[in-house]
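Read off the chains here:
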Amino acid sequence: MQPFGRAWWTGIATGTILSTMIIAPRIATFIMVLVLILAGLEQYARRGLPRYPATFEAAFLVVIAFAGWAMLSALWSPAPWHSLLKPVFMMLIAVAVWFALRTVSTASRPFAHYIGEGALTGIVVGYLLVCFEILTDQLITRTIMSAIPTTHENIAKHVTVDTHGTVTDVTNANLNRRMAILTWLLWPAIMLALHDPNSIRRSIALVMVIGGAGIILVFGSHQSSQIAILGGAVVYGLASINPPAMRIVLASVWTAAVVLALPIALMMSSANLHNADWLFKSARHRVVIWSTTAEESLKSPVLGVGADATRVAMHDAMKRSKRDETLGRMMVGYANHAHNAYLQVWYELGAVGAALFLMIGLYAMRVIGRLETALQPSALALFVTTSLLIAFSYSIWQTWFIAALGFAIAAFAVAVRKRADQIAYPGTADVPEERPGFLT
């Protein structure tokens, strides 16, 4: 180990940036743009090195094709600028992830080690802070906002302030975003911990990360993250027994989720689930939103209404609607976004977009199948975590959401690299001294 060298400071920067992203999720947008720039500069500075992936493979190309179709939808979208610009960001994130993977593949062992150690430390710090906030009803946030009133002036609807100026309550909106990011980072963090060369740090990190995920699962307010954590854990266990079989099952489930999204949503409404007392309130509300989105999707089943145009299109549809709220189909079904990526894709991008979205998942499964068998359970768990998060929560076009997924994939790649180094240098916790050069 060589502290205070370039590799060491790169690790410090990685941990600091990552923990900052967890605390302030919307900064993820800026962070992934920074990754794009830095990784691009690194590859320009060290041209000619053999890198992996060697080419812009099909898994990336299908994401670009999906975003390209979304951009094209600006021609008929009621929100053309949104339909044009949000897919551009998705393309940039795809390129950033590709650059990041290639940079990780050629980084020296010290750089790979410290980047991984910094990422793991940042994630552990994030879990500690978020879990403390969960258990104390956001004590840190309320204390800071009470001491610095300007921090909540622009989010008054999310804050309750008493007559003395003390913040007594903060909604869970930002806390839920933090939990979503930590849910994505769960499997990369576990991989980073398992392959850390220091046994003490490995044990502490595993306890902190798994324990933190448990707190989110039991005490968290973000049901989508809870479902994603539970689903990922179940799939990890099953995939550990037979990875190829689990890949086939997940590919089939993904196909069904995309292809049958509309009829499933309509059947849930027909089954009167929005009035089921055994479902929690937000789940019943989701049923109303999903069925409304499915019905509206049938009005433009091939092209859709346009990428990220749900807010405008649903507002227009609500004004045209003559439904009576007393019939059990509340107007809140016309939501700003579908709270389900599969329905959102059908509504905004039609059958063409759904076909491309289907291919994204299948190509991701193909990439996972090329990994070493020992890596596949964690990769499949990350895939399922993603599939469940997008099934119940945010819009796929929220830039911080896209960026957080990109960062999770890059962190997973660092964990894979650390495992490869651990196998290449068995039985030692020492890292060779860094060599001259940028990430060399």
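Just above sits the structure.
Everything numeric in this text was worked out from a predicted model, so none of it was measured.

Undergrad: Even after reading the chapter, I still don't get the overall build of the protein, so can you show me in this structure?
TA: Helix and strand counts for the protein stand at 16 helices and 2 strands. Against the globule reference of 22 Å for 440 residues, the protein gives a C-alpha radius of gyration of 22 Å, in line with a compact fold. On the principal axes, the C-alpha backbone points of the protein span a range of 70 × 55 × 40 Å. The buried share of the protein, reckoned over its 440 residues, is 52%.

Undergrad: Would you mind showing me how to read the packing of aromatic side chains here?
TA: The relation between two aromatic rings is expressed through the spacing of the ring centres and the mutual angle of the planes. Under the defined criterion, the tally for this structure stands at 17 aromatic pairs. Ring plane angle 35° and centroid distance 5.5 Å describe the contact between Trp98 and Phe99, whose orientation is recorded as tilted. Its relative accessible area of 13% is what places Trp98 among the buried residues. Here the aromatic rings of Trp184 and Phe401 are separated by 4.7 Å at their centres, their planes lie at 50°, and the arrangement is tilted. Of this pair, Trp184 sits in helix α7 (residues 173-194) while Phe401 is found in helix α16 (residues 399-424), placing the two residues 217 residues apart along the sequence. Exposure class is identical for Trp184 and Phe401. Each is buried.

Undergrad: Looking at this structure, how should I read the pairing of strand β2 (residues 167-170)?
TA: The side chains of a regular strand alternate between both faces of the sheet. Pairing analysis gives 3 bridges linking strand β1 (residues 159-161) to β2, with the strands arranged antiparallel. Directly across from Val161, in β2, lies its bridge partner Val167. Counting the residues that bridge the hairpin from β1 to β2 gives 5 residues, and of these Gly165 lies at a positive phi of roughly 85°.

Undergrad: Would you mind going over the nonpolar core with me for this structure?
TA: The nonpolar side chains of a soluble globular protein tend to be buried, and buried together. Phe66, Tyr127, Leu185 and Phe357 are the most contacted members of the largest nonpolar core, which totals 109 residues. If we skip the residues at most four places from it in the chain, Phe357 touches Phe66, Trp254, Val258, Ala341, Tyr342, Val345 and Ile390. Grouped together as the second largest cluster of nonpolar side chains are 8 residues, Ala309, Ala313, Met314 and Tyr334 included.

Undergrad: What exactly am I supposed to notice about the packing of helix α4 (residues 80-106) against α16 here?
TA: The description of two helices packed together rests on the angle between their axes and the distance between the axes. Where α4 meets α16, the axes come as close as 10 Å, and the angle between the chain directions of the two elements is 10°. Between α4 and α16, the crossing angle belongs to the class labelled roughly parallel. Considering only the axes of α4 and α16, their crossing is right-handed. In contact with Lys86, Phe89, Met90, Ile93, Val97, Ala100, Leu101, Val104, Ser105 and Thr106 of α4, α16 contributes Thr399, Ile402, Ala403, Gly406, Ile409, Ala410, Ala413, Val414 and Arg417. Classifying every residue of the contact of α4 with α16 by side-chain character gives 13 nonpolar, 4 polar and 2 charged.

Undergrad: For this particular structure, what's the right way to read the side chain of Arg177?
TA: Turning to its location among the elements, Arg177 is positioned in helix α7. Buried and unpaired, Arg177 has no salt bridge, with Glu133 as the nearest side chain of opposite charge at 12 Å.

Undergrad: Explain the pattern of salt bridges to me, please; I cannot follow it from the model alone.
TA: It is possible for side chains of opposite charge to pair when their charged atoms get near one another. With the rule as written, the count across this model stands at 11 salt bridges. Notably, a salt bridge pairs Asp196 with Lys418, separated by 3.8 Å at the nearest N-O pair. Of this pair, Asp196 sits in the loop between α7 and α8 (199-219) while Lys418 sits in helix α16, and the two are 222 residues apart along the sequence. Like Lys418, Asp196 is buried. Each of Glu117, Asp196, Arg201 and Lys418 takes part in a single network of salt bridges with overlapping partners.

Undergrad: Just to check I follow, could you spell out helix α15 (residues 376-392) for this structure?
TA: Within an α-helix, residues lying three or four positions from one another point in the same direction, as the helix has 3.6 residues per turn. Helix length check: α15, at 17 residues, gives a terminal C-alpha distance of 25 Å against a target of 24 Å (1.5 Å per residue), a fit within 8%. Among the 17 residues that make up α15, 15 are buried, leaving the element largely enclosed by the rest of the structure.

Undergrad: I keep staring at the environment of Val33 and nothing clicks. Help me out?
TA: Inspection of the secondary structure assignment puts Val33 in helix α2 (residues 28-45). Spatially, the C-alpha atom of Val33 lies 26 Å from that of Ala391, the residues being 358 residues apart in sequence.

Undergrad: In this structure, what is going on with a nonpolar patch on the surface? I would like to understand it.
TA: On the surface, Ile23, Val125, Leu129, Phe132, Leu139, Ile140, Ile144 and Ile148 cluster together into a nonpolar patch covering about 590 Å² of accessible area. Going through the elements one at a time, α5 (109-135) and α6 (139-147) are the ones with two or more residues in the nonpolar patch. With respect to the helices and strands, the residue Phe132 is situated in helix α5.

Undergrad: Looking at this structure, how should I read the packing of α7 against α16?
TA: For the pair α7 and α16, interaxial distance at closest approach is 7 Å and the crossing angle is 10°. Between α7 and α16, the interaxial angle falls into the category roughly parallel. Across the interface between the two elements, Arg177, Ala180, Ile181, Trp184, Leu185, Pro188, Met191, Leu192 and Leu194 from α7 touch Trp400, Phe401, Ala404, Leu405, Phe407, Ala408, Ala411, Phe412, Val414, Ala415, Lys418 and Gln422 from α16. Broken down by class, the residue content of the contact of α7 with α16 amounts to 18 nonpolar, 1 polar and 2 charged.

Undergrad: Whenever I open this one, helix α14 (residues 341-369) confuses me. Can you help?
TA: Helix length check: α14, at 29 residues, gives a terminal C-alpha distance of 24 Å against a target of 42 Å (1.5 Å per residue), a shortfall beyond 12%. Maximal helix bending in α14 amounts to about 130°, located at Leu349. Structurally, the start of α14 carries an N-cap: the backbone nitrogen of Tyr342 is 2.9 Å from a side-chain oxygen of Asn340.

Undergrad: Even after reading the chapter, I still don't get unusual backbone geometry, so can you show me in this structure?
TA: Both trends apply: most residues other than glycine have a negative phi, and most peptide bonds are in trans. Going from Tyr52 to Pro53, the amide bond is cis rather than trans, its omega being 0°. For Pro53, the location among the structural elements is in the loop between α2 and α3 (58-72). Despite not being glycine, Gln138 has its phi angle at roughly 60°, a positive value. Looking at the element boundaries, Gln138 is found in the loop between α5 and α6. According to the relative accessible area criterion, Gln138 is buried, its value standing at 3%. Unlike most non-glycine residues, Asp308 shows phi in positive territory, near 55°.

Cut-offs used in this document
- The residue numbers shown here count from 1 along each chain, following its written sequence.
- The model is predicted, so local features are restricted to residues of pLDDT at least 70 and side-chain atom pairs to those at 80 or more, both for listing and for counting; the totals for chains, interfaces and linings are taken over all residues.
- Heavy atoms throughout the structure, all of them, feed into the side-chain values; hydrogens and water do not.
- Secondary structure elements follow DSSP: runs of H or I of four or more residues count as helices, runs of E of two or more count as strands, with numbering from the N terminus.
- In this description the radius of gyration comes from C-alpha coordinates, and the expected globular size is given by 2.2 Å times residues to the power 0.38.
- Here's how the labels work: a residue is buried when its accessible area is under 20% of the maximum for its type, exposed when over 50%, partly exposed in between, all with a 1.4 Å probe on protein chains only.
- Stacked, edge-to-face and tilted are the three classes for Phe, Tyr and Trp ring pairs, Trp counted by its six-membered ring, which pair at centre distances within 6.5 Å; planes under 30 degrees apart are stacked, over 60 edge-to-face, the rest tilted.
- Any two strands are treated as partners once DSSP identifies two or more bridges connecting them.
- For this analysis, a nonpolar core means a set of buried residues of the types Ala, Val, Leu, Ile, Met, Phe, Trp, Tyr and Cys, connected via side-chain atoms within 4.5 Å.
- Should any heavy atoms of two residues lie within 4.5 Å, those residues are considered in contact.
- The axes are straight lines fitted to the C-alpha atoms, using for helices just the contacting stretch, and the angles between their N-to-C directions are given from 0 to 180°.
- Just so you know how the angles are binned, under 35 degrees is roughly parallel, over 145 roughly antiparallel, 65 to 115 roughly perpendicular, and the rest oblique.
- The hand of a helix crossing depends on one turn: near helix anticlockwise from the far one by less than a right angle means left-handed, and clockwise means right-handed.
- Following the grouping adopted for this structure description, the nonpolar residues are Ala, Val, Leu, Ile, Met, Phe, Trp, Tyr, Cys and Pro, the charged ones are Asp, Glu, Lys and Arg, and the polar ones are all others, Gly among them.
- His is not counted, nor are the chain ends; Lys and Arg add positive charge and Asp and Glu add negative charge.
- Just to be clear on terms, a salt bridge is a Lys or Arg side-chain nitrogen sitting within 4 Å of an Asp or Glu carboxyl oxygen.
- What a helix is expected to span follows from its residue count: subtract one and scale by 1.5 Å.
- The patch calculation keeps residues exceeding 30% relative accessible area without a salt bridge and links them within 9 Å when they carry like charges or within 5 Å when they are nonpolar (Val, Leu, Ile, Met, Phe, Trp, Tyr).
- Note on areas: Shrake-Rupley, 1.4 Å probe, and residue coverage restricted to the protein chains presented here.
- The term bend refers to the angle at a residue between two fitted axes, each drawn through seven residues, those ending there and those starting there.
- By the criterion applied in these results, polar contacts are pairs of N or O atoms within 3.5 Å in which, for protein atoms, one can donate a hydrogen and the other can accept it, and in which residues neighboring in sequence qualify only through two side-chain atoms.

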